[in-house]
Amino acid sequence: MVGPSRPQFVLFGSSIVQFSFSNQGWGAILADLYSRQADILLRGYSGWNSRRALQVLDQVFPKDAAVQPSLVIVYFGGNDSMLPHPSGLGQHVPLAEYIENMRKIAIHLKSLSKKTRIIFLTAPPINEKQIKEYFGAQLGDVGRTNELCRVYSEACVELCKEMDIKAINLWSAIQKRKDWLTICFMDGIHFAPEASKIVVKEIVKVIKEAEWEPSLHYDSLPTEFGENSPYDPVSADGKTTLNISKLSFDLLLKWGIQIED
């Protein structure tokens, strides 16, 4: 543990989370936005479904931890939505069980702290043609359809409404781009930079609009070691220093992300 202590934002999910720090991913962008305000912690496990998440929930989020996360962003659903394999093996989780697994995850996270906030990300869309081209030789029919992603996505949104949890419908958000099929994926499943920008845009919008106390928006959190110092760069007047920690950089625009008011 290094200090000073900061708010912890935990990203918990499958490969969409595990890969979020690579290829200009959404986790990396969040880490940049909050570079002096919060620690972005990655708990991503490629290939996992909601069943496996439940198996480790107490280990990833122990209730007796000295410090509990300020925000947990959860993503499971894409693997759950796969068609069942004839062998009974694989990642498929029936819809009703998926809903209950996500409910259990939410209940556990809510129990960590009164100040722990939660955002669920739904299953995103997929490019079925691109998946077959990329994975066909290795996996044959991978059993994924965009329609099943929609079904599991909508089920997640409904659960979040019921439990008063913030939800981001990635299935809908990504498909708002007319060129989403050609620009949003590396392999038909995992995000290219343009899709990650959409994810960040939606997350920041939720955080900004949420009536959370304290606010978790990066503009509202204190800047670590943000006090004035004689060791800051010297200003143009040659007599004072410039506190560059307080300069106004539009970090979202740096990443090519625009948030509409």
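Here, the structure is the one placed above.
Not measured: the values here are computed from a predicted model.

Undergrad: Requested: an account of the nonpolar core, with residues and values cited.
TA: Core analysis: the biggest nonpolar cluster contains 39 residues, and Trp26, Leu30, Tyr34, Ile119, Leu121 and Ile203 have the highest contact counts within it. Elements represented by at least two residues in this core include exactly β1 (8–13), α1 (15–18), α2 (26–33), β3 (71–75), β4 (117–121), α7 (170–174) and α9 (193–209). When residues of this core are assigned to their parent elements, the largest contribution, eight residues, is made by α9. Core analysis: the next-biggest nonpolar cluster, separate from the first, contains 26 residues, Tyr98, Ile105, Leu109 and Tyr152 among them.

Undergrad: Just give me the short version of the side chain of Ser245, but keep the residues and values in it.
TA: Secondary-structure assignment places Ser245 in the loop between α9 and α10 (251–254). You can call Ser245 buried: its relative accessible area is 18%. In this structure the side chain of Ser245 is engaged in a polar contact, spanning 2.5 Å, whose partner is the side chain of Asn243. Those residues in contact with Ser245 that sit more than four places away from it in its chain are Arg36, Thr223 and Gly226.

Undergrad: I'd like to hear about the sheet that holds strand β2 (residues 39–44), residue by residue, with values.
TA: Spatially, five strands are ordered β2-β1-β3-β4-β5 in an open sheet, and the strand pairing comes out parallel. This sheet does not close on itself; its edge strands, each paired only once, are β2 and β5 (166–168). Direction aside, the axes of adjacent strands within the sheet are offset by 20° on average. Bridge analysis of β1 against β2 gives six bridges, and the strand direction is parallel. Residue pairing for β2: Leu11 is matched across the bridge by Leu42. Against the sheet, helix α4 (residues 95–110) engages β3 and β4, with an angle of about 160° to β4.

Undergrad: Report on the environment of Lys205, specifying residues and quantitative values.
TA: Within the secondary structure layout, Lys205 lies in helix α9. The partly exposed category is assigned to Lys205, whose relative accessible area is 37%. Between the C-alpha atoms of Lys205 and Glu158, which are 47 residues apart in sequence, the distance is 20 Å.

Undergrad: An account of the packing of aromatic side chains is needed here, citing residue identities and associated values.
TA: Throughout the structure, instances matching the rule amount to nine aromatic pairs. Both rings, one in Phe12 and one in Phe61, keep their centres 5.2 Å apart while their planes meet at 85°; by these two values the pair is edge-to-face. Note that Phe12 is positioned in strand β1 and Phe61 in the loop between α3 (50–60) and β3, a separation of 49 residues in sequence. There is no split in this pair, since Phe12 and Phe61 are both buried. Judged by centre distance (5.3 Å) and plane angle (50°), the rings of Tyr98 and Tyr152 are tilted. Here Tyr152 lies in helix α6 (residues 146–163) and Tyr98 lies in helix α4, a separation of 54 residues in the sequence. Like Tyr152, Tyr98 is buried. Among the aromatic residues, those joined into a cluster by ring pairs are Phe9, Tyr34 and Tyr218.

Undergrad: I'd love a proper account of the pattern of salt bridges, names of residues and values included.
TA: Pairs can form between side chains of opposite charge once their charged atoms are near each other. Under the counting rule described, the total for this entry stands at twelve salt bridges. Linking Glu133 and Lys129 is a salt bridge whose minimum nitrogen-to-oxygen distance equals 2.9 Å. With a gap of four residues between them, Glu133 and Lys129 both fall in helix α5 (residues 128–139), about one helical turn apart. Residues Lys197 and Glu194 are paired through a salt bridge, measuring 3.1 Å at the closest nitrogen-oxygen approach. A residue pair is termed a helical-turn pair when its members lie 3 or 4 positions apart in one helix, as Lys197 and Glu194 do in helix α9 at three residues. According to the relative accessible area criterion, Glu194 is partly exposed, its value standing at 22%. Salt bridges sharing partners connect three or more residues here, namely Arg177, Asp179, Glu194 and Lys197.

Conventions and cut-offs
- Residues numbered from 1 in each chain as written.
- Predicted model: local features only at pLDDT ≥ 70, side-chain atom pairs only at ≥ 80, totals over all residues.
- Heavy atoms only, no water.
- Core = buried A, V, L, I, M, F, W, Y, C linked by side-chain atoms within 4.5 Å.
- Buried < 20%, exposed > 50% of the residue type's maximum accessible area, 1.4 Å probe, protein only.
- Helix = DSSP H or I, 4+ residues; strand = E, 2+ residues; numbered from the N terminus.
- Polar contact = N/O pair within 3.5 Å; in protein donor to acceptor, adjacent residues only side chain to side chain.
- Contact = heavy atoms within 4.5 Å.
- Pairing = 2+ DSSP bridges.
- Axes fitted to C-alpha atoms, helices over the stretch in contact; angles between N-to-C directions.
- Phe/Tyr/Trp six-rings, centres within 6.5 Å; stacked < 30°, edge-to-face > 60°.
- Salt bridge = Lys/Arg side-chain N within 4 Å of Asp/Glu carboxyl O.

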